[in-house]
Amino acid sequence: MTLLFKCDMTAAEPWLEALANQMPDREIRVFPDIGSREDIEYALVYEPPPGLMKSLPNLKVIFSLWVGIDHLTKDPELPPVPVVRMVERCLTASMTEYVVQQVLNFHKDCLDYRALQAKRHWEQLELKAAWDRNVGILGLGTLGRDAAEKLAALGFNVAGWSRMQKEMPDIDCYHGSEGLSPFLARTHILVCLLPLTDATRGILNKQLFEQLPRGASVINCARGGHLVEPDLLQALDDGQLAGAALDVFEQEPLPDNHQFWNHPRIVVTPHIAAFSLPETAVESVVNNIDRIEAGQPPLNAVDFERGY
Ligand code: NAP
């Protein structure tokens, strides 16, 4: 069994070490030294050159080094083999840390206290219990579920919204287009953890912000394409929204002259909400290869019809 590995070569070393440690009996070939194309059965890749995957006649599965698969779907000739998203415990844990941190920042009025500190002004704002703060998570998949559970454990009143109906202990689950308005109406802090699809592009827009209670906050740690940037600026200026924490942007890196950088009600982070560790990521790839070789379908395969 041969696995082809391709990522940004500056970051390749720890990945190759983890692959060698956890797949001692398997041959790893590193792009562009791919040798005979017939040998390759698995590919673990970030942004492979268009046509490369199609040129591997015995390829069984493509493993994405990222959760999102936008770097793969740029290839118009992707072969009809399963594509597996990166789902691994470090990535999930780090996203939950980011979400909890940003929710707590809004819950504890951190933006207001920074502004008061800058003015050397001592003022105690109204304090609220976590259970009086309603957090709403758009997307109850691998990442949304974990964040929802941890926030509920901290005492927040948590709801989630997904495409299909869900049941989760301690979480109010809404689904589908008819579930969106009631979900928004009860949400003080909104977190976006949706995949970027035709149905979700631009979902964080004026119409959605208007359905949140006045003074709500928004956290986007999914993809920049979910947010209509001028609508966010308008909602903040109007006071409909009190703040936003953004990790992802339509254009990355965020341009120097972008209004978000200096906005007093926006927290900008440079797409660092979640990260994968090679050890834990390779562990999930090895588990999936073992499944496939035992004749089972891979876990976390992308359903191209629904778009994620
Ligand atoms: P996932 O497991 O595929 O879950 C996606 C969730 O979104 C599911 O609950 C799904 O509903 C829901 N959903 C999809 N389309 C919907 C629609 N039209 N209406 C309502 N709900 C919809 O994805 P994940 O692993 O949690 O990852 C979520 C996203 O996080 C990724 O796609 C990526 O964009 C982003 N991400 C960002 C970073 C970062 O560093 N900022 C890192 C990793 C991932 P069902 O459950 O009903 O299918």
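A brief structural summary.

Analysis parameters
Residue numbers restart at each chain and count upward from 1, following the sequence in its written direction. Only residues with pLDDT of 70 or above have their local features reported here, since the model is predicted, and side-chain atom pairs are shown and tallied only from 80 upward, although totals for entire chains, interfaces and linings are computed over all residues. Hydrogens and water are ignored here; the side-chain numbers use all heavy atoms of the structure. Residues are labelled near a given molecule or strand when at least one of their non-hydrogen atoms is within 4 Å of it. Polar contact is the term for a pair of N or O atoms within 3.5 Å; when the atoms are in protein, one must be able to donate a hydrogen and the other to accept it, and sequence-neighboring residues count only if both atoms are side-chain atoms. Accessibility throughout is a Shrake-Rupley quantity obtained with a 1.4 Å probe, and a residue counts as covered only by protein chains that appear here. Strands are labelled as partners when DSSP assigns at least two bridges between them. Per the convention used, a helix needs a DSSP run of H or I reaching at least four residues, while a strand needs a run of E reaching at least two, with both numbered from the N terminus. In what follows, residue pairs with any heavy atoms lying within 4.5 Å of each other are defined as contacts. With axes taken as lines fitted to C-alpha atoms, and helix axes fitted only over the stretch in contact, angles between N-to-C directions fall between 0 and 180 degrees. Only the six-membered ring of Trp is used, alongside the rings of Phe and Tyr, when aromatic pairs are assigned; centres must lie within 6.5 Å, and planes under 30 degrees apart are stacked while those over 60 apart are edge-to-face, with the rest tilted. Remark: exposure states derive from per-residue accessible area (1.4 Å probe, protein chains only) relative to the maximum for the residue type, with buried under 20%, exposed over 50%, and partly exposed in between.

Focus: the site of the ligand
The ligand sits among 28 residues. The nearest are R85, L143, M164, K166 and Y308. One of the side-chain nitrogen or oxygen atoms of R85 is found 2.8 Å away from an oxygen atom of the ligand. A274 has a polar backbone atom sitting 3.3 Å from an oxygen atom of the ligand. Burial of the ligand by the surrounding chains reaches 92%, relative to a free accessible area of 940 Å².

Description of the sheet that holds strand β3 (residues 40-45)
Spatially, β2-β1-β3-β4-β5 is the arrangement adopted by the five strands of the open sheet, whose pairing is parallel. Of all strands in the sheet, those bounded by a partner on one side alone are β2 (27-30) and β5 (83-84). Relative to strand β1 (residues 2-6), helix α1 (residues 12-22) is tilted by about 165°, and along the sheet it contacts β1, β2 and β3. Its contacts with the sheet place helix α9 (residues 278-293) against β1, β3, β4 (61-64) and β5, and it is angled at close to 165° to β4.

Observations regarding unusual backbone geometry
Here F31 and P32 are connected by a cis peptide whose omega angle stands at 10°. Relative to the helices and strands, P32 resides in the loop between β2 and β3. Cis peptide bonds are those with omega within 30 degrees of zero, and the linkage from E252 to P253 qualifies with -5°. The topology assignment puts P253 in the loop between β11 (241-246) and β12 (266-268). In this structure, D109 takes a positive phi of about 55° despite not being glycine.

Considering the packing of aromatic side chains
Summed over all chains, the structure comprises five aromatic pairs. Note on F249 and F260: the rings are 6.3 Å apart at their centroids and 55° apart in plane angle, and the pair reads as tilted. Placement of the pair is F249 in the loop between β11 and β12 and F260 in the loop between β11 and β12, with a sequence separation of 11 residues. Overall, the relative accessible area of 7% leaves F249 in the buried class. Look at F260 and you get buried, because its relative accessible area is 0%.

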